[in-house]
Amino acid sequence: MKVISTKKAPAAIGPYSQAIRVGNLVYTSGQIPIDPATGSFVEGGIKEQTRQSLTNVKAILEEAGLTLGHVVKTTVFLADMNDFADMNAVYSEFFAEPYPARSAVAVRTLPKGASVEIEVVAEAG
């Protein structure tokens, strides 16, 4: 097991790691739309928040020597399922075929009042 950590994504705000590599798999923690340069949420709505969350995921994967093309599974948590179409529009900018498997679920609340949180599993090699 290896801890993956980068300053190009928000630091963990609790007892967890940004990502863990076990064998050929990298598991990221859920990423909320915090800009690592400011430590604050990005301005804007669900599209901007989705873009920042995925940018954070991408930075963590890059630290592990991977790209979004290595992602095999994503989980998207939404505070409001009415945001699905806008989230999906931005999500489609980050992934190409063959698309990773995905779950999208509505939750009551997310950390710090985020509208979206995204975690991934990626395969190296």
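Enquirer: Which residues make up the packing of aromatic side chains, and what are the values?
Expert: Overall, the coordinates contain one aromatic pair when judged by the stated rule. Centre to centre, the rings of Tyr91 and Phe95 are 4.6 Å apart; their planes meet at 35°, and the pair counts as tilted. Of the two residues, Tyr91 and Phe95, neither departs from the other in class, the shared state being buried. Of note, Arg102 hangs over the ring of Tyr91, and the distance from its end group to the ring centre comes to 4.5 Å.

Enquirer: Talk me through the nonpolar core; I want residue IDs and the actual numbers.
Expert: Counting residues in each nonpolar core, the largest one holds 26 residues, and the members touching the most others are Leu61, Leu66, Leu68, Val71, Val76 and Phe95. Sorting the residues of this core by element identifies helix H1 (46–63), strand E6 (71–78), helix H2 (84–94) and strand E8 (116–123) as the ones contributing at least two each. Broken down by element, the residue count for this core peaks at six residues, all from H1.

Enquirer: Explain H2 to me, and be specific about the residues and the numbers.
Expert: Looking only at H2, the buried set comprises Met87, Val90, Tyr91 and Phe94. Buried residues along H2 cover an arc of 105° about the axis, so they all sit on one side. Facing away from the buried side of H2, by more than 90 degrees, are the exposed residues Ala85 and Glu93.

Enquirer: Explain the pairing of E6 to me, using residue names and the numbers behind them.
Expert: Regular strands place side chains that alternate from one sheet face to the opposite one. With six of eight residues buried, E6 lies mostly within the body of the structure. Two strands pair when backbone bridges link them, and E6 and E8 are joined in this way by seven bridges, in the antiparallel orientation. Each residue of the ladder has a partner; that of Phe77, found in E8, is Glu117. Inspection of the sheet shows E6 paired to strand E7 (residues 101–106) by six bridges, in the parallel sense. Looking across to E7, one finds that Thr75 is bridged to Ser103. Handedness of the crossover is the feature at issue here: the chain leaves E6, passes through H2, returns alongside E7, and the resulting connection is right-handed.

Enquirer: Tell me about the environment of Val72, and please be specific about residues and values.
Expert: Assignment of secondary structure puts Val72 in strand E6. For the pair Val72 and Ala122, spaced 50 residues apart in sequence, the C-alpha to C-alpha distance is 5.3 Å. In this structure Val72 touches Pro100, Ala101, Val121, Ala122 and Glu123, once residues within four positions along its chain are discounted.

Enquirer: Give me the packing of H1 against H2: which residues, what numbers.
Expert: Geometry of a packed helix pair, given as the angle between the helix axes and the separation of the axes. Two numbers describe how H1 lies on H2: the axes approach to 8 Å, and their chain directions differ by 35°. By crossing handedness, the relation of H1 to H2 is classed as right-handed. Contact residues: Ile46, Lys47, Thr50, Arg51, Leu54 and Thr55 in H1; Asp86, Met87, Val90, Tyr91, Glu93 and Phe94 in H2. The class makeup of the residues in the contact of H1 with H2 is six nonpolar, two polar and four charged.

Analysis parameters
Residues numbered from 1 in each chain as written. Predicted model: local features only at pLDDT ≥ 70, side-chain atom pairs only at ≥ 80, totals over all residues. Heavy atoms only, no water. Phe/Tyr/Trp six-rings, centres within 6.5 Å; stacked < 30°, edge-to-face > 60°. Buried < 20%, exposed > 50% of the residue type's maximum accessible area, 1.4 Å probe, protein only. Lys NZ or Arg CZ within 6 Å of the ring centre and 35° of its normal. Core = buried A, V, L, I, M, F, W, Y, C linked by side-chain atoms within 4.5 Å. Helix = DSSP H or I, 4+ residues; strand = E, 2+ residues; numbered from the N terminus. Arc of directions from axis to C-beta. Pairing = 2+ DSSP bridges. Right-handed = clockwise from strand over helix to strand, strands pointing away. Contact = heavy atoms within 4.5 Å. Axes fitted to C-alpha atoms, helices over the stretch in contact; angles between N-to-C directions. Left-handed = near helix turned anticlockwise from the far one by under 90°. Nonpolar A, V, L, I, M, F, W, Y, C, P; charged D, E, K, R; others polar.

Treat this as a map of the structure, not an account of what it does.
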